[in-house]
Amino acid sequence: MAGNSLVLPIVLWGRRAPTHCVSSLLLVDGSVIVTGCHDGQICLWDLAPDLQINPRALLFGHTASVTCLSKASASSEKQYIVSASESGEMCLWDVNDGRCIEFTKLACAHTGIQFYQFTVGAQREGRLLCHGHYPEILVVDATSLEVLYSLISKISPDWISSMAIIRSDRTQEDTVVAVSVTGILKVWIITSEVGRMQDTTPVFEEESKPIYCENCQSISFCSFTQRSLLAVCSKYWRVFDAGDYSLLCSVPSENEQAWTGGDFVAADKVIVWTEDGQSFIYKLPASCLPASDSFRRDVGKAAENLNPPLLHSVLERAEKQLLICPPVTRFFCDRREFSSRLLIQGDSSGRLSIWSMPESLEQREGAKGLPTSTSKSLQEAFDRLSPRPAGIIDQLSAAGEPLRVTASVYMPAHGRLACGREDGSVVIVPATQTAIVQLLQGEHTLRRGWPPHRTLRGHRNKVTCLLYPHQVSSRYDQRYLISGGVDFSVIVWDIFSGEMKHIFCVHGGEITQLLVPPENCSARVQHCVCSVASDHSVGLLSLREKKCIMLASRHLFPIQVIKWRPSDDYLVVGCSDGSVYVWQMDTGALDRCVMGITAVEILSACDEAVPAAVDTLSHPAVNLKQAMTRRSLAALKNVAHQKLQTLATNLLASEASDKGNLPKYSHNSLMVQAIKTNLTDPDIHVLFFDVEALIIQLLTEEASRPSAATASPENPQKTPGGADKGGSFLAGKRAAVLFQQVKETIKENIKEHLLDDEDEDEEAVRQRREDGDPEYRSSKSKPLTLLEYNLTMDTAKLFMSCLHAWGLNSVLDELCLDRLGMLKPHCAVSFGLLSRGGHMSLMLPGYNRAAGHGSPREPGGEAPAPEGLGKGTYGVSRAVTTQHLLSVISLANTLMSMTNATFIGEHMKKGAGR
């Protein structure tokens, strides 16, 4: 698990499927197709025996385009794959549940990976042979992703463009054949002795021979005859003898199309595909077939005089729409069960097409070609679902297609989600309430415009970014919400009164980013937000002075990164061409503009200058005092949680053992994070439930109620027992002591501060405010009309309703609905799974509709319940089921230990009468 806490994601996808422009393809064990895309996500598709496909999950973890995929284990029990991206990241994934098992980052990018397994004694070990933008082949351990040794060229070392592994049945030696960018064929021999070498001694090539195949796209070994190699270049393809690498035949490309790869379909047939998605099957002449008498008869002849292969048949693309980049085509032949021979193609619209090759590829209907067996895009999979996948605020749009949410920010202190839409409006809604509407059935679904929300109108067109500065740093006023749009403007809103405070129109392009300067900047800059626009300008907009105090606008290329150097009063801007501009924040003058290695050094120096991030709740005593004077329930929760955490940390001294720790959502039981797979996509909303934080908040609120003092004396002892089952760092008696301490502290403080006079509080608030404007006091009471429900209880209700296994036990279901006030989901809830280093797997809507058959992941192969609920989530994978059971049990125990916890809320009943 990432970090120490149990965090469960639930996804609201919305009606539009995420962009998935396929960049690489892999078939795992004939049952799962894996596609990597240019935006860095990986999609898992279930493949049924009748070749029907269904997208199951999307894996997030790479920050750049996925360049290659390879299987990473030979056994069929462990369905592991490895992926590599342009930025040098490598991840090892479990295909069954989308967990990231291991990840690493190298300085070089791989363009191809092949899995290779060898036997050492009784042990079978897996290796990954990687090649890419470096002049060698790296041999990487398939379980730890460590580089073990490398295969190096003595003669003219160069980048390797493609590679094949030849397994020999006759000898113990396996051969690695690779073609370099300049068209030189290199051969390395790997023996089991080489496999044992753990030191870094390199292995040099056995032979090196120019074969004049520049820009070689792919090289493949014929597994049928084990005597020939097919090398495909963009202008021609050639067949070589695998014994001495002599040329057997060569075919130039016709009518200017570029070949992008090929493979052997049978002993005498090859399939070659082009960059526009067409595939051609050729029948090889007798001189290329080891079985025939005329084998090697044409060796040494000029390429023009060779006997040309016959064009056998053509496979056309199913969809004729224009594509933004060439489709990816791969041929998969399963040697074990000779039946499945599939050609799979993925394109830029997220569509997969599959052709099944029949056993006998006889020339039946001329060169008309094979029909596509199946073709399906992500968007089609979304459209076929009923009900359609829900977006977070779909119910607030007028009839018809809901407005797309283009930017969002969550304000945990108020439990509010602000969503900017494509029509320029910003909607502020209670996050738990709107999620309940989208995910669960109940009387709220009948009312239009539920939950109560506020709409801010000011932008003329799409809202591109939102920022709530108070969440990043408490030095900002908690009323202010900042939005940027395509109309070049940045607007400051007062979220309590709903009015527009100020409009900044200083940029000459759409606003792409809004940032908060670090803590240690000058006092003037500390009250600013930083805006970045598409005209390559950066502005510092002062919220206090209501003016732009600096505009840096002479950048020639799009801005990629903004860094701060507060000690020198510098703002450092990195552009996409590698140039770095250093601006003085005080005067707005350009200090210098540098390129090359100096630019890299300046950017890395800024990283060193930033001290460790200081938690905003630095001193508990001060903060508790502030929380009491402000009477802020949220701040109280924060302090309570923080106290509990520090106490627990001191007691148990648990260190975060994980390599890449997730940002701890330490104060909030619910975080809503908007993610985009591509800039053009609408937001996908992920609700992160922190089970531990939720339990602590429930217990803290229980202790905060004045009635808690009169509760039965055994209550405190009972409580930790409840939390103990699911809490990950609270254990046994220590936890009991801990809770006792927390309860005592809170009770004292509540008696001290919360039961005092109203006027005194007004006084404190007025002193705390610098400007003391009268409108502040009036606006202070406004959010409470919307906050008439208990945020923590609502979060628990939403969470329990989603996690309960509906459809397994009808009596229990009735009880949950009637007596406990839980609500039933409309359709299967898309859960997620967080794994190492913040890598995340999110289930796609309709994941439980097995692709045309009872999915193997479902217990006993039963079909899901008619509503598609319950059994579906408990049959996804062991990891997911374990997390769900842990969460349900620990949360249910906590709720049972509380005196008057109920999900039957007053605000729902009141709302009905409205």
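Residues numbered from 1 in each chain as written. Predicted model: local features only at pLDDT ≥ 70, side-chain atom pairs only at ≥ 80, totals over all residues. Heavy atoms only, no water.

**Quick look at the overall build of the protein**
Here's step 1: Counting secondary structure elements, the protein contains 19 helices and 50 strands.
Here's step 2: Taking all 914 residues of the protein together, 57% fall into the buried category.
Here's step 3: Relative to all contacts within the protein whose residues are 6 or more apart in sequence, the contacts with residues 24 or more apart total 56%.
Here's step 4: As displayed, the protein offers around 38500 Å² of accessible surface, 52% of which is attributable to carbon and sulfur atoms. (Helix = DSSP H or I, 4+ residues; strand = E, 2+ residues; numbered from the N terminus. Buried < 20%, exposed > 50% of the residue type's maximum accessible area, 1.4 Å probe, protein only. Contact = heavy atoms within 4.5 Å. Areas by Shrake-Rupley, 256 points an atom, 1.4 Å probe, with all protein chains shown as cover.)

**Let's talk about the packing of helix α9 (residues 691-704) against helix α18 (residues 878-897)**
Here's step 1: Where α9 contacts α18, the axes come no closer than 10 Å and their chain directions differ by 0 degrees. Taken together, the axes of α9 and α18 lie roughly parallel to each other. On α18, the residues touching Val691, Leu694, Ile695, Leu698 and Leu699 of α9 are Ser887, Ser890, Leu891, Thr894, Leu895 and Ser897.
Here's step 2: Residue classes in the contact of α9 with α18 are distributed as seven nonpolar, four polar and no charged. (Axes fitted to C-alpha atoms, helices over the stretch in contact; angles between N-to-C directions. Parallel < 35°, antiparallel > 145°, perpendicular 65-115°, else oblique. Nonpolar A, V, L, I, M, F, W, Y, C, P; charged D, E, K, R; others polar.)

**Examining the environment of Glu701**
Here's step 1: Looking at where Glu701 falls in the secondary structure, it is placed in helix α9.
Here's step 2: Distance in space between the C-alpha atoms of Glu701 and Met793 is 10.0 Å, their sequence separation being 92 residues.

**A few points about the packing of aromatic side chains**
Here's step 1: As enumerated under the stated definition, the model contains five aromatic pairs in all.
Here's step 2: For the pair Trp13 and Phe382, a centre-to-centre distance of 6.4 Å together with 80 degrees between the ring planes defines the contact as edge-to-face. Residue Trp13 is found in the loop between β1 (7-12) and β2 (22-28), and its partner Phe382 is found in helix α2 (residues 378-383); the two are separated by 369 residues along the sequence.
Here's step 3: Its relative accessible area of 1% is what places Phe382 among the buried residues.
Here's step 4: Geometrically, the ring pair formed by Trp259 and Phe280 is edge-to-face, given 5.7 Å between the ring centres and 90 degrees between the ring planes. (Phe/Tyr/Trp six-rings, centres within 6.5 Å; stacked < 30°, edge-to-face > 60°.)

**Some details on the sheet that holds strand β44 (residues 570-575)**
Here's step 1: Across the sheet, four strands lie side by side as β43-β44-β45-β46; this open sheet has antiparallel pairing. The open sheet has two edge strands with one neighbour each: β43 (559-565) and β46 (590-594). Taken over all neighbouring pairs, the strand axes of this sheet differ in orientation by 15 degrees on average, direction set aside. (Pairing = 2+ DSSP bridges.)

**Details of the sheet that holds strand β42 (residues 547-552)**
Here's step 1: Read from one edge of the open sheet, four strands run β39-β40-β41-β42, paired in antiparallel fashion. Looking at which strands have only one partner, the edges of the open sheet turn out to be β39 (511-515) and β42. Pairs of neighbouring strands in the sheet enclose a mean axial angle of 25 degrees, with direction left out of account.
Here's step 2: Pairing geometry for strand β40 (residues 528-533) and strand β41 (residues 538-542), over five bridges, is antiparallel.

**Some details on the state of the cysteines**
Here's step 1: For the structure shown, the criterion picks out zero disulfides.
Here's step 2: Its sulfur unpaired, Cys216 is 4.7 Å from the next cysteine sulfur, which belongs to Cys233.
Here's step 3: For Cys216, a relative accessible area of 3% gives the class buried. (Disulfide = S-S within 2.5 Å.)

**Describing unusual backbone geometry**
Here's step 1: Even without glycine at this site, Leu51 takes up a positive phi of about 70 degrees.
Here's step 2: When you line up the elements, Leu51 lands in the loop between β4 (42-47) and β5 (53-60).
Here's step 3: The exposure class assigned to Leu51 is buried, which follows from its relative accessible area of 14%.

**Focus: the nonpolar core**
Here's step 1: Core analysis: the biggest nonpolar cluster contains 84 residues, and Ile33, Ile344, Leu687 and Leu798 have the highest contact counts within it.
Here's step 2: In terms of residue count, the dominant contributor to this core is helix α15 (residues 791-803) (seven residues).
Here's step 3: Leave out the neighbours within four places in its chain, and Ile344 touches Leu25, Leu27, Ile33, Val328, Thr329, Arg330, Phe332, Leu352, Ser353 and Ile354. (Core = buried A, V, L, I, M, F, W, Y, C linked by side-chain atoms within 4.5 Å.)

**Overview of the environment of Ala142**
Here's step 1: Structurally, Ala142 can be placed in the loop between β12 (134-141) and β13 (147-152).
Here's step 2: Looking at Ala142, the relative accessible area reads 2%, which means it is buried.
Here's step 3: Taking the C-alpha atoms as reference, Ala142 lies 7.4 Å from Ser73; in sequence the two are 69 residues apart.
Here's step 4: Each residue touching Ala142, except ones within four places of it in the same chain, is listed here: Ala72, Leu92, Phe115, Gly126, Arg127 and Leu128.

**Some remarks on the side chain of Gln117**
Here's step 1: Relative to the assigned elements, Gln117 resides in strand β10 (residues 110-120).
Here's step 2: Residue classification places Gln117 among the buried positions, given a relative accessible area of 18%.
Here's step 3: When residues no more than four places from it in sequence are discounted, the contact partners of Gln117 are Ala74, Arg124, Glu125, Gly126 and Arg167.

**Some remarks on the packing of α15 against α18**
Here's step 1: Interaxial distance between α15 and α18 falls to 10 Å at its minimum, and their mutual angle equals 135 degrees. When the axis of α15 is compared with that of α18, the two are oblique. Of the two elements, α15 crosses α18, and the hand of that crossing is left-handed. Residue-level inspection shows Met793, Ala796, Phe799, Met800 and Leu803 of α15 in contact with α18, the latter providing His884, Ser887, Val888, Leu891, Ala892 and Leu895.
Here's step 2: For the contact of α15 with α18, the class distribution of residues is nine nonpolar, two polar and no charged. (Left-handed = near helix turned anticlockwise from the far one by under 90°.)

**Quick look at the pattern of salt bridges**
Here's step 1: Throughout the structure, instances matching the rule amount to 21 salt bridges.
Here's step 2: Between Arg388 and Asp383 there is a salt bridge whose closest N-O contact spans 3.5 Å.
Here's step 3: Note that Asp683 and Lys676 form a salt bridge whose closest N and O atoms lie 2.7 Å from each other.
Here's step 4: Beyond isolated ion pairs, a larger network of salt bridges with shared partners links Asp94, Asp97 and Arg99. (Salt bridge = Lys/Arg side-chain N within 4 Å of Asp/Glu carboxyl O.)

**Looking at α9**
Here's step 1: Across its 14 residues, α9 extends 20 Å between first and last C-alpha, which sits within 8% of the 20 Å expected from 1.5 Å per residue.
Here's step 2: Counting buried positions along α9 gives 13 out of 14 residues, so the element sits mostly inside the fold.
Here's step 3: Of the residues flanking the start of α9, the one acting as N-cap is Asp690, its side-chain oxygen 3.2 Å from the backbone nitrogen of Glu692. (Expected span 1.5 Å × (residues − 1). Polar contact = N/O pair within 3.5 Å; in protein donor to acceptor, adjacent residues only side chain to side chain.)

**Description of the pairing of β13**
Here's step 1: Here β12 pairs with β13 via five bridges, running antiparallel. Directly across from Leu138, in β13, lies its bridge partner Ser150.
Here's step 2: In sequence, β12 turns back onto β13 through a hairpin of five residues, with Leu145 there showing a positive phi of about 60 degrees.
Here's step 3: Taken together, the two bridges between β13 and strand β17 (residues 203-204) define a ladder with parallel strand orientation. Within the sheet, the bridge partner assigned to Leu151 lies in β17 and is Val203.

**A short note on the environment of Ala703**
Here's step 1: Relative to the assigned elements, Ala703 resides in helix α9.
Here's step 2: Remark: the alpha-carbon pair of Ala703 and Met898, spanning 195 residues in sequence, is separated by 9.4 Å.

**With respect to the confidence of the model for the protein**
In low-pLDDT regions, the fine details of the predicted coordinates are not to be read closely.
Here's step 1: Looking at the protein as a whole, its pLDDT mean stands at 77, while 73% of the residues score no less than 70.
Here's step 2: Here residues 650-666 scores under 50 on pLDDT; set against residues more than four positions off or in separate chains, the count is 30 contacts.
Here's step 3: Within the model, pLDDT remains below 50 along residues 852-870, and this stretch shows 31 contacts once partners closer than five positions in the same chain are excluded. (pLDDT = per-residue confidence, 0-100.)

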